[in-house]
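Chains, contacts and geometry: an overview
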Amino acid sequence: MRIENSFVPVEGVGERTERKLWEAGVTRWDAFEGDVVGGRRADRIAEFIDTARDRLAEGDARYFRETFPDSCHWRCYENFREEACFLDIETTGLDRHRDDVTVVGTHTPGETETMVAGRDLTAERLQRRLDEAQLVVTFNGKRFDVPFLESTFDVTVDVPHVDLMYPCRRLDLTGGLKAIEQETGIDRDQPDLSGEDAVRLWREYERGRDGALETLLSYNRDDVENLRALADLVADRLDSRVFDAPE
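Here we look at the packing of aromatic side chains
- Applying the stated criterion to the full structure yields seven aromatic pairs.
- Taking the centre distance of 6.4 Å and the plane angle of 80 degrees together, the rings of Tyr77 and Phe86 count as edge-to-face. Across this residue pair, the class does not change: Tyr77 and Phe86 are buried.
- Arranged with centres 4.9 Å apart and planes meeting at 50 degrees, the rings of Trp202 and Tyr205 form a pair that is tilted.

In structure tokens form, the structure reads like this:
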């Protein structure tokens, strides 16, 4: 499933109309003919395609953040997976107004970076990392990670944000990230650690316990790197479920 298969950004086009287009053989923008839907709606689709084709050629992911419904941001994954930033944070608690961000992990193809509070985690460095991405991928990041970072560092995410928790639910994959990893066969180095352990490890690091920070960073690296594996799986499964019209 790619951006070029999508018509839902157009006003008046929902998934039902999009399905009608696909079933008529209009599975890509360049196959669009107005007689399938007709009228002003056909004109709006043609106008969208003209603009979106240029924006996609320019790599303007921010345009698609604005035009795609939030629930369809996952459709951007195939186009921008090589420029995606997989993001996960560790904190001292769940309240972004009282608790602190301790570790921010990011993974891009070929590189995983962990930034640590009191060492190298700064608003400037984090914003630069986000600005380099064409897509942000998290798990429960729309409710937790991104609001926490916005509140703590005043950073901005202005590219499509794929929060995998929601497409996972469409696939009947429920529970937390670790539970879904187990169900889908995604392994991690330290499967017994949890978010509560991440808080404990940070406190132990602050008290000077040898190895606590290294264990915490390993846990966070598993999180961000496994997000990529899960995103690949989810995109493939949703492609089969949502986009099954003939080419």
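A short note on the sheet that holds strand β1 (residues 84-91)
- Taking strand neighbours across the sheet as the criterion, the five strands line up as β3-β2-β1-β4-β5 in an open arrangement whose pairing is mixed. Here the strands that pair on one side only, and so sit at the sheet edges, are β3 (111-116) and β5 (161-163). Going across the sheet, the axis of each strand differs from the next one's by a mean of 20 degrees, ignoring polarity.
- Here three bridges tie β1 to strand β4 (residues 135-138), and the two strands are oriented parallel to one another. Looking across to β4, one finds that Ala84 is bridged to Leu135.
- Sitting on the sheet, helix α5 (residues 123-131) is in contact with β2 (101-108), β3 and β4, with an inclination near 155 degrees to β3.
- Against the sheet, helix α10 (residues 212-242) contacts β1, β2, β3 and β4, and its axis sits at roughly 145 degrees relative to β1.

Quick notes on helix α6 (residues 141-153)
- With 13 residues, α6 should reach 18 Å at 1.5 Å per residue; the first-to-last C-alpha distance of 15 Å falls well below that figure.
- Most pronounced at Pro147, the bend in α6 amounts to some 25 degrees.
- When we look at burial in α6, the residues that qualify are Gly141, Phe144, Asp145, Val146, Pro147, Phe148, Leu149 and Phe153.
- Summarising the contacts, the buried residues of α6 are in contact with β1, β2, α5, β4 and β5.
- Of the residues trailing α6, Asp154 is marked for its positive phi of about 60 degrees.

A closer look at the environment of Phe139
- Within the secondary structure layout, Phe139 lies in the loop between β4 and α6.
- A residue is classified by how much of its surface remains accessible, and Phe139, at 11% relative accessible area, is buried.
- Remark: the alpha-carbon pair of Phe139 and Met165, spanning 26 residues in sequence, is separated by 5.3 Å.
- Beyond its immediate stretch of four places on either side in the chain, Phe139 contacts Asp145, Asp163, Leu164, Met165, Cys168, Gly175, Gly176, Leu177, Ile180, Leu227 and Leu230.

Side note on the packing of helix α9 (residues 195-206) against α10
- At a minimum axis distance of 8 Å, the contact between α9 and α10 shows a crossing angle of 150 degrees. Between α9 and α10, the interaxial angle falls into the category roughly antiparallel. Two packed elements cross with a definite hand, and for α9 against α10 that hand is left-handed. For the pair α9 and α10, the contacting residues are Gly195, Ala198, Leu201, Trp202, Glu204 and Tyr205 in the first and Ala212, Leu213, Thr215, Leu216 and Tyr219 in the second.
- Split into classes, the residues belonging to the contact of α9 with α10 amount to eight nonpolar, two polar and one charged.

What to know about unusual backbone geometry
- One non-glycine residue with positive phi stands out, namely Asp154, at about 60 degrees.
- Within the secondary structure, Asp154 sits in the loop between α6 and β5.
- Residue classification places Asp154 among the exposed residues on the basis of a relative accessible area of 66%.
- Look at Asp172: it is not a glycine, yet its phi comes out positive at around 65 degrees.
- Its location among the elements puts Asp172 in the loop between α7 (165-170) and α8 (177-184).
- Residue class for Asp172 comes out exposed when judged on its relative accessible area of 57%.

Calculation rules
Residues numbered from 1 in each chain as written. Predicted model: local features only at pLDDT ≥ 70, side-chain atom pairs only at ≥ 80, totals over all residues. Heavy atoms only, no water. Phe/Tyr/Trp six-rings, centres within 6.5 Å; stacked < 30°, edge-to-face > 60°. Buried < 20%, exposed > 50% of the residue type's maximum accessible area, 1.4 Å probe, protein only. Pairing = 2+ DSSP bridges. Helix = DSSP H or I, 4+ residues; strand = E, 2+ residues; numbered from the N terminus. Axes fitted to C-alpha atoms, helices over the stretch in contact; angles between N-to-C directions. Contact = heavy atoms within 4.5 Å. Expected span 1.5 Å × (residues − 1). Bend = angle between axes of the 7 residues up to and from the residue. Parallel < 35°, antiparallel > 145°, perpendicular 65-115°, else oblique. Left-handed = near helix turned anticlockwise from the far one by under 90°. Nonpolar A, V, L, I, M, F, W, Y, C, P; charged D, E, K, R; others polar.

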